[in-house]
Amino acid sequence: MDNTKKEVMITSVIGSAASLEGAMITAAIPYISSQLSVSYLDSSLFLTLFAVISSLLFVPFYLVGEKRGIKKLLFLGALIFSLSGIAILITNSFTMALVLRSLQGLGASMMYPAQLAYASSHKGSEGRNIGFNYSMLALAYIIGVPLGYALGKIDWKYLFLLPSLMVFTSLFLTSHLSDLKGNFGNPRSAVGPMLLFNGVLISIYSFYIGIVTALAGLYSLSKWSLEKRFLKPLVAGFLHSLSRYAVVEFLVLSYTQLFHVEPLLAIILVLLFPLPMALISAPLGKVIGERSRTIAILGFSIMLLSWLLLFNKVIGTVILGIGTGIATVSNTVYTMQNLGLKDRVVGSAIKSLEGVVGISVGPTIAIALFNFKIGVELAVFILNAVAILLLLV
């Protein structure tokens, strides 16, 4: 195995651990609430605090880290993430557990973007490496949901054990990584997307502060703009990410609240959506090459079939799962190909920020539109139609 593949595998395992833990917590929210005698909203703080803290710090850490190399940043982040997760096992305080989970968010802000940075660090092999990375992330989600359901029943603390041990045991492998450095053209141009995406996220919890933050991001983009060839697929990916996680939440709500399906069966049916991504991402990455834009448009176009969810949830889920697998991998490859190698360290942080905000905001779209007859289906259609237009113009 060549050194590049080793680096991608090591960083993908570390990054997938964070995704695994998030999926496990999501599935176990009812059990966390019951065992800690807190509300569902309070239990969801394990996800919210992690997302907010990591998304706020992705770009600043990597703007600093690219000058000295991100290898030490990755190691420190992985150390903080793993030790904080292990410490949750020995606390009986809900408040202290939230503090430790926040520290995990701090660690994730240092370690999570490294997987994309290393995957895109060699020109010509971006597709293969990014495809493998997304297969790992999708597999982590597929495993994490039923595992979280099972472990949450036993004890909510066990949710943090496996991901933390995965990261901790991978620490020594970081010594085999080469040290990536970069020189992002104009650092101030990274402020715009950072504020814009974080503003969208913050608006869920504080509407006016979120809007002000997003407007500040738009102002920064007008003053210190990113290259359009990077910005357009970045925004297209964000719109698709919103639609992807809106579909997941829509399926959860449909099976549990509308059809009253047993929880375990509902989980299996929902997992039909990320399953195609786990299966096709790695082989697709090997053949994308310079056709990433065309293939991304194909993936977004498949998502326009969201109306199938009106007639058959299972068939619609599988087809949209194929579409999101194609769109996510190919658009990420296209986004990173539009950056020079020296810009890809910070570019990976910006792209990671976009993904985390999509994970957090997408479900809110589904919740808000769920009671409308074609609300979510129409939203998914519009978001992906705009993504197509961004890549065409």
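Calculation notes
- Residues numbered from 1 in each chain as written.
- Predicted model: local features only at pLDDT ≥ 70, side-chain atom pairs only at ≥ 80, totals over all residues.
- Heavy atoms only, no water.
- Core = buried A, V, L, I, M, F, W, Y, C linked by side-chain atoms within 4.5 Å.
- Buried < 20%, exposed > 50% of the residue type's maximum accessible area, 1.4 Å probe, protein only.
- Helix = DSSP H or I, 4+ residues; strand = E, 2+ residues; numbered from the N terminus.
- Contact = heavy atoms within 4.5 Å.
- Phe/Tyr/Trp six-rings, centres within 6.5 Å; stacked < 30°, edge-to-face > 60°.
- Lys, Arg positive; Asp, Glu negative; His and termini not counted.
- Salt bridge = Lys/Arg side-chain N within 4 Å of Asp/Glu carboxyl O.
- Patch = residues over 30% accessible without salt bridge, like charges linked within 9 Å, V, L, I, M, F, W, Y side chains within 5 Å.
- Areas by Shrake-Rupley, 256 points an atom, 1.4 Å probe, with all protein chains shown as cover.
- Axes fitted to C-alpha atoms, helices over the stretch in contact; angles between N-to-C directions.
- Parallel < 35°, antiparallel > 145°, perpendicular 65-115°, else oblique.
- Nonpolar A, V, L, I, M, F, W, Y, C, P; charged D, E, K, R; others polar.
- Expected span 1.5 Å × (residues − 1).
- Arc of directions from axis to C-beta.

## Observations regarding the nonpolar core
Within soluble globular proteins, side chains that are nonpolar tend to cluster in buried spots.
Phase 1: Val59, Ile70, Met111, Leu251 and Ile350 are the most contacted members of the largest nonpolar core, which has 82 residues in total.
Phase 2: Broken down by element, the residue count for this core peaks at 12 residues, all from helix 11 (residues 228–258).
Phase 3: Ignoring sequence-local partners within four residues, the contact set of valine 59 consists of Ala190, Met194, Ala349, Ile350 and Leu353.
Phase 4: In this structure, Leu20, Val38, Phe94 and Leu151 belong to the second largest nonpolar core, which totals 30 residues.

## Points about the packing of aromatic side chains
Phase 1: Inspection of the entire model under this criterion finds 11 aromatic pairs.
Phase 2: A centroid spacing of 5.8 Å and a plane angle of 55° characterise the contact between phenylalanine 46 and phenylalanine 160, whose relative ring orientation is tilted. Linking phenylalanine 46 in helix 3 (residues 45–68) with phenylalanine 160 in the loop between helix 7 (126–154) and helix 8 (161–170), this pair joins segments that are 114 residues apart in sequence. The exposure classification of phenylalanine 46 matches that of phenylalanine 160, with both residues buried.
Phase 3: Both rings, one in phenylalanine 207 and one in tyrosine 208, keep their centres 5.5 Å apart while their planes meet at 80°; by these two values the pair is edge-to-face.

## Quick look at the side chain of glutamate 377
Phase 1: Counting through the fold element by element, glutamate 377 comes out in helix 17 (residues 375–392).
Phase 2: Of the side chains with opposite charge, lysine 313 lies nearest to the buried glutamate 377, which makes no salt bridge, at 5.0 Å.
Phase 3: Excluding its chain neighbours within four sequence positions, the residues that come into contact with glutamate 377 are Phe250, Ser306, Leu309 and Leu310.

## As for a nonpolar patch on the surface
Phase 1: Taken together, the side chains of Trp307, Leu310, Phe311, Ile374, Leu378, Phe381, Ile382 and Val386 make up a nonpolar region of the molecular surface, amounting to roughly 750 Å² of accessible area.
Phase 2: Among the secondary structure elements, isoleucine 374 is positioned in the loop between helix 16 (344–369) and helix 17.
Phase 3: We classify isoleucine 374 as partly exposed; its relative accessible area is 42%.

## Re unusual backbone geometry
As a rule of thumb, non-glycine residues mostly have phi less than zero, and peptide bonds are mostly trans rather than cis.
Phase 1: Even without glycine at this site, serine 37 takes up a positive phi of about 55°.
Phase 2: For serine 37, the location among the structural elements is in the loop between helix 1 (3–36) and helix 2 (40–43).
Phase 3: One non-glycine residue, histidine 260, lies in the positive phi region at around 55°.
Phase 4: Within the fold, histidine 260 resides in the loop between helix 11 and helix 12 (263–270).

## Remarks on the packing of helix 3 against helix 9 (residues 191–202)
Phase 1: For the pair helix 3 and helix 9, the least separation of the axes is 10 Å and the interaxial angle reads 175°. The orientation of helix 3 relative to helix 9 falls into the category roughly antiparallel. Counted together, Ala51, Val52, Ser55, Leu56, Val59 and Pro60 of helix 3 and Met194, Asn198 and Leu201 of helix 9 form the full contact between these two elements.
Phase 2: Its residues assigned to classes, the contact of helix 3 with helix 9 shows 7 nonpolar, 2 polar and no charged.

## Focus: helix 9
Phase 1: Helix length check: helix 9 (12 residues) gives 16 Å between terminal C-alpha atoms against 16 Å at 1.5 Å per residue, within 8%.
Phase 2: The set of residues buried in helix 9 consists of Gly192, Pro193, Met194, Leu196, Phe197, Asn198, Gly199 and Leu201.
Phase 3: Summarising the contacts, the buried residues of helix 9 are in contact with helix 3, helix 10 (207–223), helix 11 and helix 16.

## A word on helix 4 (residues 71–88)
Phase 1: With 18 residues, helix 4 should reach 26 Å at 1.5 Å per residue; the first-to-last C-alpha distance of 26 Å fits that figure.
Phase 2: Within helix 4 the residues assigned to the buried category are Leu73, Leu74, Gly77, Ala78, Phe81, Ser82, Ser84, Gly85 and Ile88. Down the axis of helix 4, the buried side of the element spans an arc of 165°, and every buried residue falls inside it.
Phase 3: Buried positions along helix 4 lie against helix 1, helix 3, helix 5 (94–111), helix 6 (114–119) and helix 8.

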